[in-house]
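Tertiary structure, described
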Amino acid sequence: MDAYERITRNAAEVVTEEEVEALAEEPDGKRAYVGYEPSGVLHIGHLLTANKLIDLQDAGFDVTILLADVHAYLNDKGSFEEIRETAERMQEQFLAYGLDADATQFRYGSEFQNDEAYVLDLHGLERETSISRAERAMSEIKSGETAKVSQAVYPLMQALDIEYLDVDLAIGGMEQRKVHMLARDVLPKADYEAPTCLHTPLIADLETGVGKMSSSEGTNISMEDSAEEIEEKVNGAFCPPSADPEPDDDGVERENPVLQIFEYHVFPRVDTVVVERPDEYGGDLTYDSYAALEADLDSGDLHPADAKSALADYLDDLIAPGRERLRELRA
Ligand code: IYR
């Protein structure tokens, strides 16, 4: 796999392809970043962007993880002290998950976001941005019903972070794309360059396959789950024998979240997936690629129950080191 393929595999969107191609020509020492609002423990959504960070490190990039403490505060995620404690635990979980410690820099937003130059720059962006544009940028990130002034400042700070952290590539889930598009528009007005962005896909709701998996509603899989909890959640997942499920009774589109997790979480981390089956059901199945597993589920050669049981085992392997680290930290 060449550098461009590794950088862009499983991406839902890159902005723009030409810009990413230019980065891929000389990836060594280039810097990518993701920011996370510290809250709770890592879940499958965090891990999807973490998989992309691991790809980027494999391609030669250095990675900055922004523990966006001020952003979490602006977005109503708790007191500053709680947020800082959560952030410290997050760092440990990312390293346990498999990020290369030598190529990962952790930064707190509050380290630089209160500097005078940053604050003045921020006010400059505020002058260039309408309230409605800032609100729109937050539509998939905002917590709570009423838009607060803090939530209008939030995306402008996220835009400015890209400059202050001196990054070549901004990474985020698709829910971050409107913030990044705002950043591409507004930063040049402050004489900064438009940032290059890469967005990872969102996984569908585990139980219904409708809409997007959310950390606040529905079932999510997190670093705290025991092997039994993972098994139970995956067994209860929506998994028709199809990569392209029929819409539900109301005509709403559905995805197959079990396949999505194989594609975005398991195959990027293991070379071969073995689905164990007793001999009387045909014996073990071995897959070297996601496409082969998808084809077998589609054709009926792989039963959803067998796919789920293999998925639960692989997910457990992936989260076990982080779960162990959390246990040590809490002991
Ligand atoms: N908006 C992100 C958190 C965040 C991301 C970046 I990249 C920043 O520079 C700042 C904040 C979230 O929804 O978690």
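The rules behind these values
Residues numbered from 1 in each chain as written. Predicted model: local features only at pLDDT ≥ 70, side-chain atom pairs only at ≥ 80, totals over all residues. Heavy atoms only, no water. Near = heavy atom within 4 Å. Polar contact = N/O pair within 3.5 Å; in protein donor to acceptor, adjacent residues only side chain to side chain. Areas by Shrake-Rupley, 256 points an atom, 1.4 Å probe, with all protein chains shown as cover. Helix = DSSP H or I, 4+ residues; strand = E, 2+ residues; numbered from the N terminus. Nonpolar A, V, L, I, M, F, W, Y, C, P; charged D, E, K, R; others polar. Core = buried A, V, L, I, M, F, W, Y, C linked by side-chain atoms within 4.5 Å. Buried < 20%, exposed > 50% of the residue type's maximum accessible area, 1.4 Å probe, protein only. Domains from an automatic or database assignment. Contact = heavy atoms within 4.5 Å. UniProt positions renumbered as here; feature names shortened; annotations may be inferred. Axes fitted to C-alpha atoms, helices over the stretch in contact; angles between N-to-C directions. Parallel < 35°, antiparallel > 145°, perpendicular 65-115°, else oblique. Left-handed = near helix turned anticlockwise from the far one by under 90°. Buried area = accessible area lost by both parts, 1.4 Å probe. Salt bridge = Lys/Arg side-chain N within 4 Å of Asp/Glu carboxyl O. Expected span 1.5 Å × (residues − 1). Arc of directions from axis to C-beta.

To continue, consider the site of the ligand. Taken together, Y33, G35, E37, L66, A68, H71, I141, Y154, Q158, D161 and Q176 form the complete shell of residues around the ligand. At 2.9 Å, a side-chain N or O of Q158 approaches a nitrogen atom of the ligand. Q176 places a polar side-chain atom, nitrogen or oxygen, 2.8 Å from a nitrogen atom of the ligand. Surface burial for the ligand is 92%, taken as the share of its 390 Å² of free accessible area covered by protein chains. In terms of residue count, helix α8 (residues 149-164) provides more of the shell around the ligand than any other element does, 3 residues in total. In the shell around the ligand, the residues fall into 5 nonpolar, 4 polar and 2 charged.

The subject of this paragraph is the nonpolar core. Residues I7, L53, I65, F94, L169, F262 and V273 are the most contacted members of the largest nonpolar core, which totals 65 residues. In terms of residues, this core owes the most to one element, helix α13 (residues 304-330), which gives 9 residues. Among the domains, domain 1 (3-200) and domain 2 (227-330) are the pair contributing at least three residues each to this core. For L169, the residues in contact, after removing those within four places along its chain, are I7, V20, L23, R31, A32, Y33, L56, F61, T196, C197 and L198.

On to helix α9 (residues 177-186). Within α9, 7 of the 10 residues are buried, which leaves it mostly tucked inside the rest of the structure. What α9 keeps buried is the set V179, H180, M181, L182, A183, R184 and V186.

To continue, consider the UniProt feature "binding site: L-tyrosine" (unreviewed entry) in the protein chain. Following the UniProt record, the feature "binding site: L-tyrosine" (unreviewed entry) maps to Y33, Y154, Q158, D161 and Q176 here. Relative to the helices and strands, D161 resides in helix α8. As for its position among the elements, Q176 is in the loop between β5 (169-173) and α9. Those residues within four positions of Q176 in sequence are excluded, and the remaining contacts are I141 and Q158.

Across the interface, helix α3 (residues 44-58) lies against helix α5 (residues 80-97) with an axial gap of 11 Å and an inter-helix angle of 55 degrees. By the angle class used here, α3 and α5 are oblique. Crossing angle aside, the handedness with which α3 passes α5 is right-handed. Each of H46, L47, A50, N51 and I54 in α3 lies in contact with α5, whose residues at this interface are M90, F94 and Y97. Considered class by class, the residues forming the contact of α3 with α5 number 6 nonpolar, 2 polar and no charged.

Another aspect to go through is the domain arrangement of the protein chain. Quite often, the size of an interface is put as the accessible area lost when its parts meet. In terms of domains, the protein chain is made up of domain 1 (3-200) and domain 2 (227-330). With centres defined by C-alpha atoms, the gap from domain 1 to domain 2 works out at 29 Å. Each partner contributes to the interface: domain 1 provides 14 residues, whereas domain 2 provides 15 residues. Buried surface at the junction of domain 1 and domain 2, summed over both partners, amounts to about 1400 Å²; 61% is from carbon and sulfur atoms. A per-residue breakdown of the area domain 1 buries against domain 2 is headed by N10, I44 and Y97, which together make up 34% of the total. Here R325 and E92 are joined by a salt bridge, their closest N and O atoms 2.9 Å apart. At the boundary of domain 1 with domain 2, the tally comes to 6 residue pairs in polar contact (both at pLDDT 80 or more). Across the side of domain 1 that touches domain 2, the residue classes tally to 7 nonpolar, 4 polar and 3 charged.

For helix α6 (residues 116-128), which comprises 13 residues, the first-to-last C-alpha distance of 19 Å matches the rise-based estimate of 18 Å (1.5 Å per residue) to within 8%. All buried positions along α6 are accounted for by Y118, L122 and L125. Along α6, the residues classed as buried sweep out an arc of 60 degrees about the axis, all on the same side. Among the exposed residues of α6, those pointing more than 90 degrees away from its buried face are E116, L120 and R127. Looking at the buried positions of α6, the neighbouring elements they touch are α8 and α9.

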